Amino acid sequence: MTVEREVETATAILAFGRRRNQPVVLKVIRNHGDEWHSGDILDAFDGHGVVRVLERFDGAVLLERLLPGDSLVSMAVSGDDDQATGILAAVIGS
């Protein structure tokens, strides 16, 4: 994986990049807790309404990266709440 940028949160480190020219996100969980097995949970959905899991280990998961990957929260806060709600409903319905 070639890392293009990193983001640190209170609970994880996210590395955005490419693996074999495919956009990916590597999520590494900082501490054992609720998120520790998030790869198992996402994998159970098999890409239905969520990103696909490419690889997973306890405390880490490599995910497909969805582009453009705009935040629904940002969209709602900026006045496009109806559009954000429509996207969320479409994802839930898939």
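Residues numbered from 1 in each chain as written. Predicted model: local features only at pLDDT ≥ 70, side-chain atom pairs only at ≥ 80, totals over all residues. Heavy atoms only, no water.

Student: Would you take a moment to explain the overall build of the protein for this structure?
Tutor: Each helix and strand in the protein was counted, giving 3 helices and 5 strands. Taking the principal axes of its C-alpha atoms as reference, the protein extends roughly 35 × 30 × 30 Å. Per-residue burial over the protein gives 23% buried out of 94 residues. Within the protein, contacts between residues separated by at least 24 positions form 28% of all contacts whose residues are at least 6 apart in sequence. (Helix = DSSP H or I, 4+ residues; strand = E, 2+ residues; numbered from the N terminus. Buried < 20%, exposed > 50% of the residue type's maximum accessible area, 1.4 Å probe, protein only. Contact = heavy atoms within 4.5 Å.)

Student: Even after reading the chapter, I still don't get the side chain of Ser38, so can you show me in this structure?
Tutor: Locating Ser38 in the fold gives a position in helix 1 (residues 38-45). A relative accessible area of 16% places Ser38 in the buried class. Beyond its immediate chain neighbours, meaning those up to four positions away, Ser38 contacts Ile29 and Val61.

Student: Can you help me understand the packing of aromatic side chains in this one?
Tutor: Given two aromatic rings, their pairing is described by the distance between the two centres and the angle made by the two planes. Per the counting criterion, the structure on display carries 0 aromatic pairs. Directly above the ring of Phe16 sits Arg5, whose terminal nitrogen or CZ lies 4.2 Å from the centroid. (Phe/Tyr/Trp six-rings, centres within 6.5 Å; stacked < 30°, edge-to-face > 60°. Lys NZ or Arg CZ within 6 Å of the ring centre and 35° of its normal.)

Student: Looking at this structure, I do not really get the sheet that holds strand 2 (residues 12-19). What am I missing?
Tutor: Two orientations exist for strands paired in a sheet by backbone hydrogen bonds: parallel and antiparallel. Reading across the sheet, the 5 strands line up as 1-2-3-5-4 and stay open at both edges, with antiparallel pairing between neighbours. For this open sheet the edge positions go to strand 1 (2-8) and strand 4 (53-57), each flanked by a neighbour on one side alone. Here the average twist between neighbouring strands, direction ignored, is 15 degrees. Across 5 bridges, the pairing between strand 3 (residues 22-29) and strand 5 (residues 60-64) is antiparallel. Its bridge partner lying in strand 5, Val28 is registered against Ala60. Taken strand by strand, helix 1 contacts strand 3, strand 4 and strand 5, and its axis lies near 150 degrees from that of strand 4. (Pairing = 2+ DSSP bridges. Axes fitted to C-alpha atoms, helices over the stretch in contact; angles between N-to-C directions.)

By themselves, these figures tell us nothing about what the structure is for.
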